Each structure stands twice: as C-alpha cells, then as structure tokens.
Amino acid sequence: MWCPLLVLLAAAPLAAALSRGPIDARHQISRRDALVSAASSIVGSGVLLSPLDVSNAAEAEAVDLAAFNAARISGSAPKPASIATGAARHTIVPNVDPPPLLPIRGGKGGQSTLQIPRVGYSLYKTAPEQAGRCVALALRSGIRHLDVATLYGSNGEVSKPLKLYLDNGFTGLKGYWKDEKPELLEVLDAVAAAGEKHAIQTVGSYRSAAPPIDGSAGRRGRREQLFVSHKLSNEEQSTDPVAVKRAVKRAIAELGGYLDLVSIHSPLTDKERRLATYQALLELRDAGFVRSVGVCNYGVGPLREIEEMVGKELQNLPAINQLELSPFNAHADVVRYCDANGIAVGCSAWSKLSGVDGPSEGWAVLSDLAKARGVTKAQVLVRWSLQKGYACVPRSGAASKVERMAIAENSYGGVTEAPFVLSEEEMKVLDGLDVGYRAGKLGRRDGWGDADVSGPSWDPTEIS
C-alpha cells in the first residue's frame, strides 16, 4: 500500500538533487533514502512545539473511580490560554505552508483557545497487539496527537507506552525500539527533527518547547505537549448524563491524566441521545475533566441541532468535526457550515480508498501525481488536507517494515519539507476528483457497523 517518498531535509547536496516539479525517473532518489541520509546531519529531539504556555488546573470534582483518581493525580490538565472577547470563532484557512498547530475552542465555557497538532496518528483498525509499538514509533517520529476511541479497543495497550513516556521520557520506550532496524530509527529521528525545524520557522509568536528532561521531573512538560483525542461509541451515548460521564471517566482512568478532546463518534443514535451526550460532555469540559468537545461524522442536520441547543452561546459549538474527508468526497456543505461557525475540520484515515471498493479512476490520478512527486499517495492526501486548512490523523500498522516506515512518512515532518508543496494546479486536480464518494460504497466502518449501512449511497453525514 505504501511506496517510497521524496523529501528535502536540510543537507545542501539534497537541495541540489531535488526540485519542485515532477522528477525524472532516472534521477529519482527515494524519499526514504533522503531521510536516512539527512538523519546524520539533523540533531533533534522529535519534540514538537508545546501547544500552550500552561499552568496547573484548579482541583476538579471528586469522582468514584479509583483508577480515575490515580490518573488525575498523575497528570492534571493545564489551563488553556485565554482569547479575546468576540474571538471565539475560528475559520478554516487554506495555507500552502501550514504551521504545526491548529487553533480550536475549548476550556471552561469554550472561552479559550487550544492548539491541536495538525497531523496526528489514528489507532483506527490497528490491532491491539500492535498498538503499543505504533504509539512508541509515532512518538519518536515527532507525533504528539493521538486519536483513540472506545470502538478501537486498544486504549489499554495505548496507555502502556504513554505511561512509560510520560514517566521516563524516551528512555522509557527503549523496550519498544530494541528490535527495530537502525535505518527505521534514523528515519524517525530525521522526520522528528525536520518537523521541529519547520515548526520553529512557521509558528511565529509561539515558542519552541525545550526538550523535557528524562525522568519524572519532565513528566508535566511531556504531557503538556501531547494531545489525546478520544471518541465515545454509539453505545456510550445516553440521555443519562451520569452514564455519559462515567464512560468518559473510564477512558480517562484507562489512558491516564485528562483528555484534550472528547468527541461523539457518530450521529447514528437519535436526537435526544446526541444532544444529551453533548451536553454532558460540555459539563465535563467546564469541570476540567476534558479540555474540548467535538463530534465526528456529523452532517449539517445534527450540527444545527447543537446550534439550536446552545442558542447564543456559540462558544459551545463543537471544537472540531472529524469526517471521512478526501478529494473524492469533499463534503462541501459540511465544510461550509463548519467554516461559518468556527468549527475546525479534521480528516480521518483514508486506508479504504485504495481498496477494491475505492474510487478507482480518481485513485489512478492521485497515484500518477504521487509518482511524479516521488512521494506516497497517503502523503499527498495528508499534504492536501493541510493545505486545505484541516487537521488529519493518518494511520498505519506495525506488522511490516513498510507499515512502520509509513508512520514516519505521514508525520508532520514527513510532509512539510520542501519540495513537497502541492502547487495550485495540483490542488485543483485533486479538488476536481470530488464525486461525493459515500461511506456505504467505500465500506469503511468507523463509528458504525454493517447493520447501519443501508446501501452504497449511505453516508453518516446525511443522518437527519
């Protein structure tokens, strides 16, 4: 599924070898080779920018879960930075050179701005037995945004490398890396350093975080740099706010500390449960248990339900709406609504697009573009989403060398170094592939099951 990719990192010889246009096949350097070559000349910790200058949060209400209490003690949520009155809304801003962090609303009353890393790592379809290794590799590649869910069934495994990393730094993850090939580790270090370098060049007023020291003394700093996003399943949606809060607190106890974002995984219940669940999440946000509230796979109808519920308190609209968004299904109506209402947009994993049920003709166009660039198709999709102004959470397993390499390739550092900037013409080609490719035809099951899909024209965003 994955193929070699091409990138400039820092070395002058590579700069001379690579160009911004299509690459002649006779002179192609694999991106993997370029990354390995540059690794020796780039020194970086792999730590991306700290999302916020933070301070300790006020004590939150006591809860009845012992594991939750232990997790709260080990990692309290930072206070978000305040934003100016009247600036609660954000818009989707296309950018040919996007910075690493995307502003979203959050904090008590939704009156603050949080920063979510634009490129994360999704645990969707990752086998639980691979989840720990994948997280360890993602952290080493500079990824600080983890996308998890009850339905993914891997929170317990995800928590193991997270705890080791938070308690000990990278030294705590050596057990996950001891059997990896040195070439892979060099690539992970190279893209982490490249991402940090590019972040410093693009963030403007944001500061670069000094690499937290290993050991417990650096725990707080490491946690502040992470962004953990969790999704509640349909079964966890409820008209009983206590049940919803218990479900979230179970996830907090399992993952440790606090959650930066909790989202409703899909709208496939009913209006009463959707709104009651959302209200319970807002209450958890205002109590300090979670930092922001979002939704996934929501179309305009369910989004308007929330708008009607919150009334004039627009700061209580979702921080982000994560969709199955790609050049093949641009969800223009949903994106327009989100843009007009200060809701950030995120793209979920695209693995099913390459399958037998995917958009074969458009996929061939994407493949040709990627081949001319010397990059992978997945990287083109990541880069497309960034330049459109979205966040994205690509995924890859860890069963093969190619899959493990893809974690590095699809990181922020793996897609931001020149010459990998999609031109205006290339973006137009990709945008022209939109055929409204429905989830029912694609066969993806992320927040729903076979019983929910009525046919090939079915899509969760069209639930009323």
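Counting restarts for each chain: residues are numbered from 1 in the order of the written sequence. The predicted nature of this model means local features are confined to residues of pLDDT at least 70 and side-chain atom pairs, given and counted, to a pLDDT of 80 or more, with totals for whole chains, interfaces and linings taken over all residues. Each side-chain value is worked out from all heavy atoms of the structure, with water and hydrogens disregarded.

Novice: Mind laying out the overall build of the protein chain, listing which residues take part and the relevant values?
Specialist: To qualify as a helix, a DSSP run of H or I must reach at least 4 residues; to qualify as a strand, a run of E must reach at least 2; elements of each kind are numbered from the N terminus. Summing up its helical and strand segments, the protein chain has 18 helices and eleven strands in all. For every residue, the accessible area obtained with a 1.4 Å probe (protein chains only) is divided by the maximum for its type, and the residue is called buried under 20%, exposed over 50%, and partly exposed between those limits. Out of the 464 residues belonging to the protein chain, those deemed buried represent 58%. Long-range pairs, those at least 24 residues apart, make up 79% of the contacts in the protein chain between residues at least 6 apart in sequence. In the structure as shown, the protein chain presents an accessible area of about 17700 Å², 53% of it carried by carbon and sulfur atoms. Contact between two residues is taken to exist if any of their heavy atoms lie within 4.5 Å; hydrogens are not considered. Per-residue and other accessible areas were derived by the Shrake-Rupley procedure at a 1.4 Å probe size, with only the shown protein chains allowed to occlude residues.

Novice: Give me the sheet that holds strand β5 (residues 145-149): which residues, what numbers.
Specialist: Any two strands with at least two DSSP-identified bridges between them are counted as paired. Pairing within the open sheet is parallel, and its eight strands lie in the order β4-β5-β6-β7-β8-β9-β10-β11. Lying at the two open borders of the sheet, with one neighbouring strand each, are β4 (121-122) and β11 (391-392).

Novice: I'd like a rundown of the confidence of the model for the protein chain, residues and numbers included.
Specialist: A residue's pLDDT is the confidence the predictor assigns to it, expressed on a 0 to 100 scale. The share of residues in the protein chain with pLDDT of 70 or more is 74%, and the mean pLDDT across the chain is 79. Under a pLDDT of 50 for its full length, residues 1-29 has, in the predicted model, 79 contacts with residues more than four places off or in other chains. Across residues 80-90 the pLDDT falls below 50, and counting only partners more than four positions away or on other chains, this stretch makes 27 contacts in the model.

Novice: Tell me about the pairing of strand β6 (residues 227-232), and please be specific about residues and values.
Specialist: Where burial is concerned, most of β6 is hidden: six out of the six residues are buried. Burial of β6 is two-sided: the residues F227, S229 and K231 facing one way and the residues V228, H230 and L232 facing the other way are all buried. In this structure, β5 lies alongside β6, joined through five bridges in parallel fashion. Looking at the pairing, D147 lines up with S229 of β6. Judged from the four bridges that link them, β6 and strand β7 (residues 261-264) form a sheet pairing that is parallel. Considered in β7, the bridge of S229 is made with L261.

Novice: Summarise the pattern of salt bridges; cite the residues concerned and give the values.
Specialist: The term salt bridge refers to a side-chain nitrogen of Lys or Arg lying within 4 Å of a carboxyl oxygen of Asp or Glu. Counted according to the given criterion, the structure contains 19 salt bridges. A salt bridge links R133 to E180, with the nearest nitrogen and oxygen atoms 2.7 Å apart. Taken as a pair, R133 in helix α4 (residues 128-140) and E180 in the loop between α6 (174-177) and α7 (182-202) lie far apart in primary sequence, 47 residues in all. For R133, a relative accessible area of 27% gives the class partly exposed. A salt bridge links E224 to R220; the nearest nitrogen and oxygen atoms lie 2.8 Å apart. Highlighted residues: E224 and R220, both in helix α8 (residues 219-225), separated by four residues, approximately one helical turn. Classification of E224 by relative accessible area gives buried; the value is 13%.

Novice: Any details on empty space enclosed by the protein? Residues and values, ideally.
Specialist: Using a grid of 1 Å spacing that covers the protein atoms alone, one calls a set of points a cavity when a 1.4 Å probe fits there but cannot get out, and a pocket when the set is open and has protein on both sides within 12 Å along at least five of seven lines; lining residues are those with an atom within 4 Å of a point. Grid points are joined across faces, edges and corners, and a volume is the space filled by probe spheres set on the points. The tally for this structure, following the rule as stated, stands at eight cavities of 30 Å³ or more. Roughly 90 Å³ of internal volume is contained in the second largest cavity. Lining the second largest cavity are 16 residues, with D147, S229, L261, I320 and Q322 positioned closest to its centre. Only β5, β6, β7, β8 (293-296), β9 (320-323), β10 (344-347) and β11 provide two or more residues apiece to the lining of the second largest cavity. When residues are grouped by polarity, Ala, Val, Leu, Ile, Met, Phe, Trp, Tyr, Cys and Pro land in nonpolar, Asp, Glu, Lys and Arg in charged, and all others, Gly among them, in polar. Looking at side-chain class alone, the lining of the second largest cavity contains nine nonpolar, five polar and two charged residues.

Novice: Requested: an account of the nonpolar core, with residues and values cited.
Specialist: Nine residue types can take part in a nonpolar core, namely buried Ala, Val, Leu, Ile, Met, Phe, Trp, Tyr and Cys, and a core is a set of them joined through side-chain atoms within 4.5 Å. Of all hydrophobic cores here, the largest spans 90 residues; its most connected members are V248, L259, L281 and V380. Excluding residues that lie within four positions of it along the chain, V248 makes contacts with L232, L259, V262, L281, L284 and V290. If you look at the next biggest cluster of nonpolar residues, it comprises ten residues, including I104, F227, I320 and A391.

Novice: Now, about helix α17 (residues 424-431): what can you tell me, with residues and values included?
Specialist: Within α17 the residues assigned to the buried category are E426, M427 and L430. Down the axis of α17, the sector holding all buried residues measures 100°, keeping them to one side. Exposed side of α17, more than 90 degrees from the buried face: E424, E425 and K428 are the residues found there. For this quantity, the arc is that covered by the directions from the helix axis to the C-beta atoms.

Novice: Which residues make up the packing of aromatic side chains, and what values do they have?
Specialist: Geometry of an aromatic ring pair is reported as the spacing of the ring centres plus the angle between the planes. Between rings of Phe, Tyr and Trp, where Trp is taken as its six-membered ring, a pair exists when centres lie within 6.5 Å; planes separated by under 30 degrees are stacked, by over 60 edge-to-face, and by other angles tilted. Inspection of every chain in the model, using the stated rule, returns five aromatic pairs. Ring centres of Y165 and F170 lie 5.4 Å apart, and the angle between their planes is 45°; this geometry places the pair in the tilted category. By relative accessible area, which is 1% here, Y165 ends up buried. Overall, the relative accessible area of 21% leaves F170 in the partly exposed class.

Novice: Break down the environment of A243 for me, with residues and values.
Specialist: Mapped onto the secondary structure, A243 falls in helix α9 (residues 241-255). Taking C-alpha positions, A243 is 9.2 Å from A280, a pair spaced 37 residues apart along the chain.

Novice: So what's going on with the pairing of β10? Which residues, and what values?
Specialist: Side chains of β10 alternate between two faces, with A344 and G346 and V345 and C347 buried alike. Pairing geometry for β9 and β10, over four bridges, is parallel. The residue of β10 that forms the bridge with I320 is A344. Seen with the strands pointing away from the viewer, any crossover whose path from the first strand over the helix to the second strand runs clockwise is right-handed. This β-α-β element, β9 to helix α12 (residues 332-340) to β10, shows right-handed connectivity.

Novice: So what about the side chain of T461? Which residues, and what values?
Specialist: Among the secondary structure elements, T461 is positioned in the segment after α18 (439-442). Classification of T461 by relative accessible area gives buried; the value is 12%. For this analysis, a polar contact is any N or O atom pair within 3.5 Å, provided that within protein one partner can donate a hydrogen and the other can accept it, and provided that sequence-adjacent residues contribute only side-chain to side-chain pairs. In terms of polar contacts, T461 uses its side chain to reach the side chain of D459, at 2.6 Å. If we skip the residues at most four places from it in the chain, T461 touches N297, Y298, G299, V300, L323 and H331.

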